[in-house]
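Structural characterization, general
Chain by chain, the residues run as shown.
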Amino acid sequence: MKKIFLLVAFFISISLNSYSQTISPNALGLKFGTGTGEIDGFDFQFSYQRGMSLDNRLELNLGFNSGRSEDPNFLLGGYYQWVWHLEGSFNWYVGPGAQLGFINMHEFSSTDFLFGLGGQIGLEYCFSQTPIHITLDYNPTIGLTNSIGYYGPISIGVRYLF
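All of the points below concern the structure found in this document. Model, not experiment: these values are computed from the prediction.

This next bit is on a nonpolar patch on the surface. On the surface, Leu28, Tyr48, Leu60, Phe127, Ile132, Ile134, Val158, Tyr160 and Phe162 cluster together to form a nonpolar patch covering roughly 780 Å² of accessible area. Broken down by secondary-structure element, the contributors of at least two residues to the nonpolar patch are β7 (132-138) and β10 (154-161).

As C-alpha cells, then:
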C-alpha cells in the first residue's frame with residue numbers, strides 16, 4: 001500500500017510540475033540592443049518573464065548603459081504581454097508597459113529622472129530540445145518627464161526557461 005501511495009504521489013507531482021511549466025513558465029536572461037529617439041539605447045538588460053496563463057505574461061527588464069559619459073544610465077521597464085502562436089516554434093507578442101529610471105542628458109550635462117509609457121511588440125523562437133528562447137522586440141515609449149520625448153529601443157534577447 002505504501003508503494004502504491006508513493007507511486008501515485010510521484011505521478012501527481014510530475015503531472016503538476018509539467019502542467020505548471022506549460023501554463024506559467026518563468027524565463028530569465030539578457031537583452032542586448034540599441035535605441036532610437038532622444039536617448040541612446042541600453043547596452044544590456046537583465047530580463048525576467050513570468051507567465052500568467054498560456055497566452056499572457058509579465059516581463060520586467062533592468063537596463064544599464066554607460067552612454068557617452070562616465071555616469072551610467074539606469075532603466076526599469078515592465079510590460080504586460082499577450083502571446084500568439086505562429087508557425088512551429090515561433091510566437092509573437094504585444095502589450096502595454098511603463099519605464100522609469102535615470103538617464104544622463106548629454107546636451108545639458110545633467111541627469112534626469114525618466115518616466116515613460118509605451119508598449120512592446122516582438123517575435124520569439126522557442127527551441128524544442130532546450131529550455132531556451134530568443135527574442136527580437138521593439139519598445140516604443142513616450143517620455144512624460146522633463147525634456148525627454150520619444151524613444152524606442154530595439155533588442156535581441158536570450159532567455160532560459162524554467
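Counting across every chain of the model gives seven aromatic pairs. Summarising the aromatic geometry, the rings of Tyr80 and Trp82 are spaced 5.2 Å apart at their centres and angled 80 degrees between planes, so their arrangement reads as edge-to-face. Trp82 sits in the partly exposed class, given a relative accessible area of 36%. Joined through ring pairs, the aromatic side chains of Phe90, Tyr125 and Phe127 make up one cluster. Taking the ring centre of Tyr93 as reference, the NZ or CZ of Arg57 above it sits at 5.0 Å.

Here the focus is the pattern of salt bridges. Using the criterion set out here, one finds four salt bridges in the structure. A salt bridge links Glu59 to Lys31; the shortest N-O distance between them is 3.2 Å. Note that Glu59 is positioned in strand β3 (residues 56-65) and Lys31 in strand β1 (residues 26-34), a separation of 28 residues in sequence. Classification of Glu59 by relative accessible area gives buried; the value is 0%. Between Lys31 and Asp137 there is a salt bridge, with its nearest N and O atoms 3.0 Å apart. One end of the pair, Lys31, is in strand β1; the other, Asp137, is in strand β7, and 106 residues separate them in sequence.

Conventions we followed
Residues numbered from 1 in each chain as written. Predicted model: local features only at pLDDT ≥ 70, side-chain atom pairs only at ≥ 80, totals over all residues. Heavy atoms only, no water. Patch = residues over 30% accessible without salt bridge, like charges linked within 9 Å, V, L, I, M, F, W, Y side chains within 5 Å. Areas by Shrake-Rupley, 256 points an atom, 1.4 Å probe, with all protein chains shown as cover. Salt bridge = Lys/Arg side-chain N within 4 Å of Asp/Glu carboxyl O. Helix = DSSP H or I, 4+ residues; strand = E, 2+ residues; numbered from the N terminus. Phe/Tyr/Trp six-rings, centres within 6.5 Å; stacked < 30°, edge-to-face > 60°. Buried < 20%, exposed > 50% of the residue type's maximum accessible area, 1.4 Å probe, protein only. Lys NZ or Arg CZ within 6 Å of the ring centre and 35° of its normal.

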